[in-house]
Amino acid sequence: MYNYILSISAVFIGYLIVYIFKPNNQKNLKLLLAFSGAFLLAITVFNLLPEVFEDSQFAKQAGVWIMIGILLQKVLEYFSKGAEHGHIHIDKETTRIPKLLFISLGVHAILEGFPIHHTDGILIGIIIHKIPVAMILTTFLFRTEIKTPTILLFLLLFALMTPLGTFISEYFEAVQEYYKEITALVIGIFLHVSTTILFESNEGHKFNVTKLIVILAATITAYFI
């Protein structure tokens, strides 16, 4: 049960940080996002990849599903405009939550919930990833004409998507039969999101020592979890 509570709490922690402290330092937020991306990537490499490739007969098939996951995430980002890794483009005059944004974030969140009960460290990785994303999402939504109750409802539904994925993977036998395929799909999604966070050229290709230290700290932390 605590897995469900923690994954839900991550979204509202991000919301409360923005609501209470109203952070304006984009540099610190980018560093937090870099930490989350590096941690998610490291957890994927250290934990999820060995799990799906331990069966040599499934290895080639796993590679296919990983590529499908990467391509699926690319499609989802076309509709979400990159909200999964901190890029949000919403009309500031809008009064409604964009449906495509909700659907794409929902699909992403449901899928990332599948391996939580089966793989060590994934829950922590998702929590660390969700907090800065929720902060960025909340910041942008507050800048629109959308009413606060609508924003809270959106965040609640978004927060429930990952536990929904975990619940489905745990209690639906039809889904459990394809657990490895779905996990490989999720690996592709995680690889796309985390590498986009880390390596997109939004800093003029300048070498950033602080960012490198943050990435190394996240990687080391993930290794020992």
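For the structure itself, look to the data block above.
Residues numbered from 1 in each chain as written. Predicted model: local features only at pLDDT ≥ 70, side-chain atom pairs only at ≥ 80, totals over all residues. Heavy atoms only, no water.

Novice: Give me the lowdown on the packing of helix α2 (residues 26-53) against helix α9 (residues 209-223), citing residues and values where you can.
Specialist: Relative placement of two packed helices is described by the angle separating their axes and the distance separating the axes. Between α2 and α9, the shortest axis-to-axis distance is 8 Å and the interhelical angle comes to 35 degrees. Crossing of α2 over α9 shows right-handed handedness. For the pair formed by α2 and α9, the contact residues are Leu31, Ala34, Phe35, Ala38, Phe39, Ala42, Ile43 and Phe46 on the first element and Thr210, Lys211, Val214, Ile215, Ala217, Ala218, Thr219, Thr221, Ala222 and Tyr223 on the second. Of the residues belonging to the contact of α2 with α9, the class tally is 14 nonpolar, three polar and one charged. (Axes fitted to C-alpha atoms, helices over the stretch in contact; angles between N-to-C directions. Helix = DSSP H or I, 4+ residues; strand = E, 2+ residues; numbered from the N terminus. Left-handed = near helix turned anticlockwise from the far one by under 90°. Contact = heavy atoms within 4.5 Å. Nonpolar A, V, L, I, M, F, W, Y, C, P; charged D, E, K, R; others polar.)

Novice: Before we move on, can you summarise the packing of aromatic side chains with the specific residues and values?
Specialist: As enumerated under the stated definition, the model contains ten aromatic pairs in all. With a centroid separation of 6.5 Å and 10 degrees between ring planes, the pair formed by Phe154 and Phe158 is classed as stacked. In this pair, Phe154 and Phe158 both sit in helix α6 (residues 148-171), four residues apart, roughly one turn of the helix. Each of the two residues, Phe154 as well as Phe158, counts as buried. Taking 5.1 Å as the distance between ring centres and 90 degrees as the angle between the ring planes, the aromatic pair formed by Tyr223 and Phe224 counts as edge-to-face. For the pair Tyr223 and Phe224, one class covers both residues: exposed. (Phe/Tyr/Trp six-rings, centres within 6.5 Å; stacked < 30°, edge-to-face > 60°. Buried < 20%, exposed > 50% of the residue type's maximum accessible area, 1.4 Å probe, protein only.)

Novice: Kindly report on the nonpolar core, identifying the contributing residues and their values.
Specialist: By size, the foremost hydrophobic cluster in this structure holds 41 residues, and its most contacted members are Phe39, Leu111, Ile122, Ile187 and Phe190. With residues near it in sequence (within four places) discarded, Ile187 still touches Thr44, Leu48, Leu49, Val52 and Ile66. Counting residues in each nonpolar core, the second largest holds 17 residues, with Tyr15, Ile151, Phe158 and Ala159 among its members. (Core = buried A, V, L, I, M, F, W, Y, C linked by side-chain atoms within 4.5 Å.)

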